[in-house]
Amino acid sequence: MPHAHILIFLHPSNKYPNPKDIDNIIFAEIPNKDTHPELYELVSKHMIHGLCGLPNKRAPCMLDGKCIRFFPKKIQQATIVDNDGFLVYKRRNNGHMVEKNGIELDNQFVVSYNPHLLLKYRAHLNVKWCNQSTSIKYMFNYINKGSDRITTAIVNLQNEDCTQIEVHDEIKHYLNCRYVSII
């Protein structure tokens, strides 16, 4: 499956300076199954972490008996910025549950997401807000590490009379590259 780490810098006029603004674009809760059934299914399928911990001690994210992704997260009534400057997303105890392998999971197991992107792309899209140089450094490490690359092809599949052109030398037509995008 395609995989990318994308860091987006926003113009100051488009930044989200406070937790209430961030709550409008980044969610870490299970949607209501009755009012948002499509989003509920997508969150259930793509945005639930686990199973790990006691139900599955052999999960890939487990190290020394703990989840390396720090799940389950704490219940949080409102989005806050902690003492270290990191965002802690709103995860209320609202009774919404998802069943995974026979176990009911609540908002403590939701990976942060944007509903619009999730509905559009229907895939795991972890969305995070970062405001610290350490967060940005972490993201640049992902963007620039050796295993994260894109393989792309630049080909013209049709000529002027709309007949198909056969590509002979695949190696010369493919590029293996890293990318940084500015929007």
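Everything below is about the structure shown above.
Counting of residues starts from 1 at the beginning of each chain's written sequence and follows it residue by residue. Whole-chain, interface and lining totals are the exception, using all residues; otherwise, since this is a predicted model, local features are given only for residues with pLDDT of at least 70 and side-chain atom pairs are given and counted only at 80 or more. The side-chain figures draw on all heavy atoms in the structure; neither hydrogens nor water molecules are used.

Enquirer: Now, about the overall build of the protein chain: what can you tell me, with residues and values included?
Expert: Helix numbers and strand numbers start at the N terminus; a helix is a DSSP run of H or I with at least 4 residues, a strand a run of E with at least 2. For the protein chain, the helix and strand inventory stands at 5 helices and 8 strands. Element order for the protein chain, N to C, with α for helix and β for strand: α-α-β-β-β-β-β-β-α-α-β-α-β. Per-residue accessibility, obtained with a 1.4 Å probe over protein chains only, is compared with the maximum for each type, and a residue is labelled buried under 20%, exposed over 50%, and partly exposed between these values. Relative to its full complement of 183 residues, the protein chain shows a buried share of 26%. Note on contacts: a residue pair qualifies if any of its non-hydrogen atoms lie within 4.5 Å across the two residues. For the protein chain, the share of sequence-separated contacts (at least 6 apart) that also reach a separation of at least 24 residues comes to 60%. The protein chains shown are the only cover counted for residues, whose accessible areas, like all others here, come from Shrake-Rupley with a 1.4 Å probe. With an accessible surface of roughly 13600 Å², the protein chain has 54% of that area assigned to carbon and sulfur atoms.

Enquirer: Outline the environment of N24, listing residues and values.
Expert: In this structure, N24 sits in the loop between α1 (19-23) and α2 (37-46). As a C-alpha pair, N24 and P115 span 91 residues in sequence and 9.7 Å in three-dimensional space.

Enquirer: Tell me about the pattern of salt bridges, and name the residues and values.
Expert: Put simply, a salt bridge is a Lys or Arg side-chain nitrogen that is within 4 Å of an Asp or Glu carboxyl oxygen. Overall, the coordinates contain 2 salt bridges when judged by the stated rule. Linking R92 and E29 is a salt bridge whose minimum nitrogen-to-oxygen distance equals 2.7 Å. Taken together, the positions of R92 in the loop between β4 (87-88) and β5 (98-100) and E29 in the loop between α1 and α2 put the pair 63 residues apart, joining distant regions of the chain. A relative accessible area of 32% means that R92 is categorised as partly exposed. E38 is paired through a salt bridge with R122; the nearest N and O atoms lie 2.1 Å apart. Residue E38 is found in helix α2, and its partner R122 is found in the loop between α3 (115-121) and α4 (133-144); the two are separated by 84 residues along the sequence. Residue class for R122 comes out partly exposed when judged on its relative accessible area of 40%.

So yeah, pure geometry; function would need other evidence.
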